[in-house]
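# Breakdown of the fold
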Amino acid sequence: VGRFGELIPGLSQIPLGKITIGISLLAMILRPGKNPKPKPTHTGIVGTAIALAVLGVLLIPLSIVPGGSLKFLLSVGLPLVVSFYITTRVCRTWQHLRMTLLVLLTAAVVLAVVAITGSSGRVSAGDSYDTNDLAYVLVTCFPLALAFGYASSGRSRWLYFSIAGLL
């Protein structure tokens, strides 16, 4: 929900996200048989994402500032590709994906509640999230809450629509 560096003093200097991704990649490399490889040709969204990533890389020489595009690709694009790869390996079924999205939605709800109840003046959540970052996270999770609401019935439907209203 937050960042561990804000919760435990001294941890802000340790790149926990990079360490976690490194351990995950290492586990996938050392135990390749545990998680089957994704089949991009059989899943449209994975194939489309890979095609768009390849197209982006191929178009770098034609960009206005090729150095800036390459820098963006290495600083932002590479972690996104690695995260996408890990997600496609971990979320093998719709049930895995649904649970992952529910965890994301739960984290967004906690963040929203902290931002609404704990702020004085401008809405914020801790030192790591400025208002734009917080808005980006909440707006990204808003369609997830709506989708879960439309796919549910009864009390859970109202719960997800309430979450969407909160976000």
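The following paragraphs examine the structure supplied in this document. Worth saying up front: this structure is predicted, and the values here are computed from it rather than measured.

### Focus on the overall build of the protein chain
Scanning the protein chain from N- to C-terminus turns up seven helices and zero strands. Counted from the first residue to the last, the protein chain has its helices and strands arranged as α-α-α-α-α-α-α. Residues counted as buried form 19% of the 167 residues belonging to the protein chain. Across the protein chain, every contact between residues at least 6 apart in sequence was considered, and the portion connecting residues at least 24 apart equals 58%. Total accessible area on the protein chain stands at roughly 12,100 Å², and carbon and sulfur atoms take up 70% of it.

### Thoughts on the packing of helix H5 (residues 94-118) against helix H6 (residues 131-151)
Viewed as axis vectors pointing N to C, H5 and H6 meet at an angle of 130°, and their least axial separation amounts to 9 Å. One way to sum up the angle between H5 and H6 is to call them oblique. In this structure, H5 crosses over H6, and the sense of that crossing is left-handed. Listed contacts from H6 to Arg-98, Leu-101, Leu-102, Leu-104, Leu-105, Ala-108, Leu-111, Ala-112 and Ala-115 of H5 are Leu-134, Val-137, Leu-138, Cys-141, Leu-144, Ala-145 and Phe-148. Taken together, the residues that form the contact of H5 with H6 break down as 15 nonpolar, no polar and one charged.

### Description of a nonpolar patch on the surface
Residues Ile-14, Leu-16, Ile-19 and Ile-23 make up a contiguous nonpolar surface patch of roughly 320 Å² in combined accessible area. For Ile-23, the position within the fold is in helix H2 (residues 16-30). Judged by relative accessible area, which is 54%, Ile-23 ranks as exposed.

### A word on H6
A rise of 1.5 Å per residue sets the reference length of H6, with its 21 residues, at 30 Å; its end C-alpha atoms lie 30 Å apart and thus fit the reference within 8%. All buried positions along H6 are accounted for by Leu-134, Leu-138, Cys-141, Leu-144, Ala-145, Phe-148 and Gly-149.

### A short note on the side chain of Ser-152
Residue placement: Ser-152 occurs in the loop between H6 and helix H7 (155-166). The exposure class of Ser-152 is buried, given its relative accessible area of 15%. A distance of 2.6 Å separates the side chain of Ser-152 from the backbone oxygen of Phe-148, its partner in a polar contact. Excluding its chain neighbours within four sequence positions, the residues that come into contact with Ser-152 are Arg-157 and Tyr-160.

### Re the environment of Ala-112
With respect to the element layout, Ala-112 can be found in helix H5. The exposure class of Ala-112 is buried, given its relative accessible area of 1%. Between the alpha carbons of Ala-112 and Leu-166 there is a distance of 7.2 Å; along the sequence they are 54 residues apart. The contacts of Ala-112, once residues within four sequence positions are left out, are Leu-138, Leu-166 and Leu-167.

### Overview of the environment of Thr-87
Mapped onto the secondary structure, Thr-87 falls in helix H4 (residues 66-90). The class of Thr-87 is partly exposed, set by a relative accessible area of 38%. On a C-alpha basis, the gap between Thr-87 and Thr-100 in space is 9.2 Å, while along the polypeptide they are 13 residues apart.

### What about the nonpolar core?
Ranked by size, the top nonpolar core spans 17 residues in total, and within it Leu-105, Leu-138, Ala-145, Tyr-160, Ile-163 and Leu-167 carry the most contacts. For this core, the secondary-structure elements that each account for two or more residues are H5, H6 and H7. If one sorts the elements of this core by residue count, H5 sits on top with seven residues. With residues up to four places along the chain from it excluded, the contact list for Tyr-160 reads Arg-98, Leu-102, Leu-105, Ala-145, Phe-148, Gly-149 and Ser-152.

What counts as what
Residues numbered from 1 in each chain as written. Predicted model: local features only at pLDDT ≥ 70, side-chain atom pairs only at ≥ 80, totals over all residues. Heavy atoms only, no water. Helix = DSSP H or I, 4+ residues; strand = E, 2+ residues; numbered from the N terminus. Buried < 20%, exposed > 50% of the residue type's maximum accessible area, 1.4 Å probe, protein only. Contact = heavy atoms within 4.5 Å. Areas by Shrake-Rupley, 256 points an atom, 1.4 Å probe, with all protein chains shown as cover. Axes fitted to C-alpha atoms, helices over the stretch in contact; angles between N-to-C directions. Parallel < 35°, antiparallel > 145°, perpendicular 65-115°, else oblique. Left-handed = near helix turned anticlockwise from the far one by under 90°. Nonpolar A, V, L, I, M, F, W, Y, C, P; charged D, E, K, R; others polar. Patch = residues over 30% accessible without salt bridge, like charges linked within 9 Å, V, L, I, M, F, W, Y side chains within 5 Å. Salt bridge = Lys/Arg side-chain N within 4 Å of Asp/Glu carboxyl O. Expected span 1.5 Å × (residues − 1). Polar contact = N/O pair within 3.5 Å; in protein donor to acceptor, adjacent residues only side chain to side chain. Core = buried A, V, L, I, M, F, W, Y, C linked by side-chain atoms within 4.5 Å.

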